[in-house]
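Results of the structural survey
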Amino acid sequence: MTNQGDAGGSSGAESRLGMAIEEVLVGAPHEGDAGEGLVIRTNRGDIRAILHAAPDTKRAVIWVCGARGGFGGPASGMYADLSEEFIGNGITSLRMDYRQPNEIQECALDLLAGVNFLRAMEYGPVVVVGHSFGGAVVIAAGAFSDHVAGVVSLSPQTYGAQGAGMLSPTPLLVVHGKADTRLPFSCAVAIHDWAKDPRELVLYEGAEHRLDECRIELMDLLRDWIPDKLTAGAEV
């Protein structure tokens, strides 16, 4: 799996900033996790990823984490659990790390490279999901790609998310715990206010930043929202 070419195409934001995918290496899953380990090599550095490939499908979702990067995600390993579950629903998942964690522009470029890697593999428009810092990354990247069918921002920070109004007509789902002591839920309210329809805001009583307290409800929400937006995106 090599030579995927320009990560963004002639009009992509990552192309304008000089980012291109040079090759993609396949190996064992990173950190001993389920899935297939990938290294997406770009002219700006290597991006580690984990692919949970569903057979005979053109539907896919990308998951990114907070400011430290990695693959764990919120809600006690929800990313890995839903990625494995979605295989049975005909949805491929790509869990991505960052080259330069906590650098919003570079991390948005990483996500755009992931979107365009899946595009090169002939997947349709994808849903992108991010938590905390990653909740801003998915908004920043989603506003600059025509291959995103939906954006999910979990416990997001506002820095880097000011372009939420540029997402429309791409659907946006913003989720926050009302007991979050790291980033107040007013961040989610502000982002929702900046955005245009279609947009949704879901606030969970008693849930902290990592959303462990609402894990079951959140997973149920995403089990419905993600496939719905992938289906709608495939019809456009």
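Provided above is the structure to which this section pertains.
To start, this report covers the structure provided alongside it. (Residues numbered from 1 in each chain as written. Predicted model: local features only at pLDDT ≥ 70, side-chain atom pairs only at ≥ 80, totals over all residues. Heavy atoms only, no water.)

1. Details of the overall build of the protein
- Secondary structure summary: the protein contains six helices and ten strands in total.
- Its C-alpha radius of gyration of 16 Å places the protein within 12% of the 18 Å reference for a compact globule of 236 residues.
- Seen along its three principal axes, the alpha-carbon backbone of the protein occupies a region of about 45 × 35 × 35 Å.
- Put simply, of all contacts in the protein between residues at least 6 apart along the chain, 62% involve residues at least 24 apart.
- As presented, the protein carries roughly 9400 Å² of accessible surface, and 49% of it is formed by carbon and sulfur atoms.
- The distance from the centre of the 18 positive side-chain charges to the centre of the 31 negative ones in the protein is 3 Å. (Helix = DSSP H or I, 4+ residues; strand = E, 2+ residues; numbered from the N terminus. Rg over C-alpha atoms; globule rule 2.2 N^0.38 Å. Contact = heavy atoms within 4.5 Å. Areas by Shrake-Rupley, 256 points an atom, 1.4 Å probe, with all protein chains shown as cover. Lys, Arg positive; Asp, Glu negative; His and termini not counted. Charge placed at Lys NZ, Arg CZ, Asp CG, Glu CD.)

2. Topic: the pairing of strand β7 (residues 126–131)
- In terms of burial, β7 is largely enclosed, as six of its six residues are buried.
- Alternating residues of β7 divide into Val126, Val128 and Gly130 and Val127, Val129 and His131, and every residue in both groups is buried.
- One ladder, built from four bridges, connects strand β5 (residues 60–64) with β7; its direction is parallel. Counterpart to Ile62 in the pairing with β7 is Val128.
- Tracing the backbone out of β7, into helix α4 (residues 133–142) and back to the parallel element strand β8 (residues 148–154) gives a crossover that is right-handed. (Buried < 20%, exposed > 50% of the residue type's maximum accessible area, 1.4 Å probe, protein only. Pairing = 2+ DSSP bridges. Right-handed = clockwise from strand over helix to strand, strands pointing away.)

3. So, the pattern of salt bridges
- Tallied over the entire structure, the rule returns 14 salt bridges.
- The residue Arg41 makes a salt bridge to Glu23 at a minimum N-O spacing of 3.4 Å. Here the residue Arg41 occupies a position in strand β3 (residues 36–42), and Glu23 occupies one in strand β2 (residues 21–27), the gap between them amounting to 18 residues.
- Residue classification places Glu23 among the partly exposed residues on the basis of a relative accessible area of 25%.
- In this structure, the salt-bridge partner of Asp146 is Arg119, at a minimum N-O distance of 2.8 Å. Here Asp146 is found in the loop between α4 and β8, whereas its partner Arg119 is found in helix α3 (residues 104–120), with 27 residues between them in sequence.
- Using a relative accessible area of 32% as the deciding quantity, one classes Arg119 as partly exposed. (Salt bridge = Lys/Arg side-chain N within 4 Å of Asp/Glu carboxyl O.)

4. Details of the side chain of Ser132
- Note on placement: Ser132 falls in the loop between β7 and α4.
- Taking relative accessible area as the criterion, Ser132 reaches 12% and is therefore assigned buried.
- Excluding residues that lie within four positions of it along the chain, Ser132 makes contacts with Gly66, Leu154, Ser155, Pro156, Gln157, Leu183 and His209.

Spatial relationships are all this shows, so hold off on functional conclusions.
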